[in-house]
Amino acid sequence: NLYIASKLASDKIFVAANNLSGGRETRFSVVRYGNMLGSRGSVVPLFERLVKGYADSLPITDPRMTRFWITLQQGVNFVMSSLELMQGGEIFVPKLPSMTI
């Protein structure tokens, strides 16, 4: 979808920025992860409200879709460890537990 395509385009721009930074010490890398639990974009609060309201169903795009979850603290730790490892141009993707809904 368009959302995923725009994220991919952003990743490519950041990785390519390393070629444009010249001899400067600035380095660019990307950190990707799944659904951040408790974030403004998280579906969990919405699902909780619907369940408490006795909803008949949850708005799932596709039940076959695999979702990856990460807590805020795990996300912060991952970003910090990626900063220590980065050379410039990497796309860091953690191994996360997955599930279907």
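As a reminder, the structure under discussion sits directly above these lines.
Residues numbered from 1 in each chain as written. Predicted model: local features only at pLDDT ≥ 70, side-chain atom pairs only at ≥ 80, totals over all residues. Heavy atoms only, no water.

Colleague: Hey, could you go over the pairing of strand E3 (residues 67-70) for me, with residue numbers and the actual values?
Modeller: In regular strands, side chains alternate between the two faces of the sheet. By the bridge criterion, 2 bridges tie strand E2 (residues 35-36) to E3 in an arrangement that is parallel. Bridge assignment links Asn35 to a residue of E3, and that residue is Trp69. Regarding the hand of the β-α-β motif, the stretch spanning E2, helix H2 (residues 44-52) and E3 is right-handed. (Pairing = 2+ DSSP bridges. Helix = DSSP H or I, 4+ residues; strand = E, 2+ residues; numbered from the N terminus. Right-handed = clockwise from strand over helix to strand, strands pointing away.)

Colleague: Kindly report on helix H1 (residues 2-20), identifying the contributing residues and their values.
Modeller: Compared with the 27 Å implied by 1.5 Å per residue over 19 residues, the 27 Å span of H1 between its first and last C-alpha is a close match. What H1 keeps buried is the set Asp11, Ala17 and Asn18. Each buried residue of H1 lies within a common arc of 115° when the element is viewed along its axis, so the set occupies one face. Structural note: H1 exposes Leu2, Lys12, Ile13, Asn19 and Leu20 on the side pointing more than 90 degrees away from its buried face. (Expected span 1.5 Å × (residues − 1). Buried < 20%, exposed > 50% of the residue type's maximum accessible area, 1.4 Å probe, protein only. Arc of directions from axis to C-beta.)

Colleague: Outline a nonpolar patch on the surface, supporting the account with residue identities and numerical values.
Modeller: Residues Val51, Leu58, Met99 and Ile101 make up a contiguous nonpolar surface patch of about 310 Å² in total accessible area. One can find Ile101 in the segment after strand E5 (98-99). (Patch = residues over 30% accessible without salt bridge, like charges linked within 9 Å, V, L, I, M, F, W, Y side chains within 5 Å. Areas by Shrake-Rupley, 256 points an atom, 1.4 Å probe, with all protein chains shown as cover. Salt bridge = Lys/Arg side-chain N within 4 Å of Asp/Glu carboxyl O.)

Colleague: I'd like to hear about unusual backbone geometry, residue by residue, with values.
Modeller: Of note, the phi angle at Tyr54 is positive, near 60°, even though the residue is not glycine. With respect to the helices, strands and loops of the structure, Tyr54 is situated in the loop between H2 and E3.

Colleague: Describe the pattern of salt bridges, listing the residues and the values that go with them.
Modeller: Tallied over the entire structure, the rule returns 2 salt bridges. One salt bridge connects Asp11 with Arg32, and the closest N-O pair in it is separated by 2.6 Å. In this pair, Asp11 sits in helix H1 while Arg32 sits in the loop between strand E1 (30-31) and E2, placing the two residues 21 residues apart along the sequence. Judged by relative accessible area, which is 25%, Arg32 ranks as partly exposed. One salt bridge in this structure joins Asp62 and Arg64, with 2.7 Å as the shortest N-O distance. For Arg64, a relative accessible area of 70% gives the class exposed.

Colleague: Hey, could you go over the side chain of Ser82 for me, with residue numbers and the actual values?
Modeller: Within the secondary structure, Ser82 is located in helix H3 (residues 72-85). The exposure class of Ser82 is buried, given its relative accessible area of 3%. Excluding anything up to four places from it in sequence, Ser82 contacts Val31 and Phe92. (Contact = heavy atoms within 4.5 Å.)

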